[in-house]
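Breakdown of the fold
Each chain, written out:
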Amino acid sequence: MKISPKFVLKVAGTLTAISLVVAALLGVVNMITKDQIAAINEANTKAALAAVAPEGAAFDPVEITDDVIAAAKDYGTISEIYTMSTGGYAVKVIASGSQGNIEMIVGVDADGAITGVSIVSNSETGGIGSKVMENKPNDAGVGVLDQFVGMSGAGSLVVKSNITPISGATVSTNGVTAGANAALAAVEALG
């Protein structure tokens, strides 16, 4: 059976037209929602910053150097760093979870110890990985994110060694642990 060249052109033209319409619609939706998404992300970042720092702390952005990026690259991606007026840093990190990226803020005090971990955004599975993001108690009865407070030493945080996961959400716990290690590495590189 031979396919007519007219038929091929007709199908190709139809698919091209559909693709152009869909691309235009996606562009319109993006234009409408991008400011709202940016505002939500900014509000989530501000809330996460407040959650990892002493009350009343102010934050000033820090330039991210190549040394900082290199120090953290084995654990996650550093997207923002702030000095805290109370001493130490707040580091925005992107690490891999089970269903995509986990974006978090990790507070690190002047002594290099974690002051808190707060999730900005994630796409972890509801009822499983989301338990980690919501700081539900782990198998030891401690909030998964709370267990990081006071820990220090980039690369020293290891799930099932000194970090206790939630059963069924080990990959999500690994993601948060990698983010915490990335933040500690970044702060160590800052000196």
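Scroll up to find the structure.
A brief look at the structure comes next. (Residues numbered from 1 in each chain as written. Predicted model: local features only at pLDDT ≥ 70, side-chain atom pairs only at ≥ 80, totals over all residues. Heavy atoms only, no water.)

1. Some remarks on the overall build of the protein chain
Within the protein chain, the regular secondary structure consists of four helices and five strands. Whereas a compact globule of 191 residues would reach a radius of gyration of roughly 16 Å, the protein chain reaches 22 Å, over 25% beyond that. Taken over the C-alpha atoms alone, the protein chain extends approximately 75 × 35 × 30 Å along its principal axes. Across the 191 residues in the protein chain, those meeting the buried criterion constitute 35%. By sequence separation, contacts in the protein chain at least 24 residues apart represent 54% of the contacts at least 6 residues apart. Of the roughly 10500 Å² of accessible surface on the protein chain, 58% is carried by carbon and sulfur atoms. Taken as two groups, the 10 positive and 17 negative side-chain charges of the protein chain have centres that lie 24 Å from each other. (Helix = DSSP H or I, 4+ residues; strand = E, 2+ residues; numbered from the N terminus. Rg over C-alpha atoms; globule rule 2.2 N^0.38 Å. Buried < 20%, exposed > 50% of the residue type's maximum accessible area, 1.4 Å probe, protein only. Contact = heavy atoms within 4.5 Å. Areas by Shrake-Rupley, 256 points an atom, 1.4 Å probe, with all protein chains shown as cover. Lys, Arg positive; Asp, Glu negative; His and termini not counted. Charge placed at Lys NZ, Arg CZ, Asp CG, Glu CD.)

2. Things to note about the side chain of Thr-177
Structurally, Thr-177 can be placed in helix H4 (residues 170-190). If near-sequence neighbours (up to four positions away) are discounted, Thr-177 is found in contact with Phe-148, Leu-157, Val-158, Val-159 and Ile-163.

3. Some remarks on the packing of aromatic side chains
If you walk through the whole model with that rule in mind, you get one aromatic pair. Plain terms: the ring middles of Phe-59 and Tyr-82 are 6.4 Å apart, the flat faces sit at 75° to each other, and that makes the pair edge-to-face. Here Phe-59 is found in strand S1 (residues 59-61), whereas its partner Tyr-82 is found in strand S2 (residues 77-84), with 23 residues between them in sequence. Accessibility expressed as a relative area gives 23% for Phe-59, which makes it partly exposed. Judged by its relative accessible area of 15%, Tyr-82 falls in the buried class. (Phe/Tyr/Trp six-rings, centres within 6.5 Å; stacked < 30°, edge-to-face > 60°.)

4. Some remarks on the nonpolar core
Counting residues in each nonpolar core, the largest one holds 33 residues, and the members touching the most others are Ile-78, Met-104, Ile-114, Val-117, Phe-148, Leu-157 and Val-176. Examining the composition of this core, we find that eight residues originate from one element, H4, more than from any other. Dropping the residues within four chain positions of it, Val-176 is found in contact with Ile-102, Met-104, Val-117, Ile-119, Val-132, Met-133, Leu-145 and Phe-148. Val-52, Met-84, Ala-90 and Ile-105 belong to the second-largest nonpolar core, a separate cluster that totals ten residues. (Core = buried A, V, L, I, M, F, W, Y, C linked by side-chain atoms within 4.5 Å.)

5. Observations concerning the pattern of salt bridges
Per the counting criterion, the structure on display carries four salt bridges. The salt bridge partner of Lys-46 is Glu-42, with a shortest N-O separation of 3.3 Å. Here Glu-42 and Lys-46 lie together in helix H1 (residues 5-52), a separation of four residues that amounts to about one turn. Residue classification places Lys-46 among the exposed positions, given a relative accessible area of 53%. Exposure remark for Glu-42: the relative accessible area of 46% places this residue in the partly exposed category. Residue Lys-92 is joined to Glu-103 by a salt bridge in which the shortest nitrogen-to-oxygen separation is 3.3 Å. You can see Lys-92 sitting in strand S3 (residues 89-96) and its partner Glu-103 sitting in strand S4 (residues 101-108), a full eleven residues away along the chain. (Salt bridge = Lys/Arg side-chain N within 4 Å of Asp/Glu carboxyl O.)

6. Considerations on the sheet that holds S4
The antiparallel open sheet is built from five strands, whose spatial order is S1-S2-S3-S4-S5. On the outer flanks of this sheet lie S1 and strand S5 (114-121), each paired with one strand and no other. Sheet twist, expressed as the average angle between the axes of neighbouring strands with direction ignored, equals 30°. Sheet topology note: the S4/S5 ladder contains six bridges and is antiparallel. (Pairing = 2+ DSSP bridges. Axes fitted to C-alpha atoms, helices over the stretch in contact; angles between N-to-C directions.)

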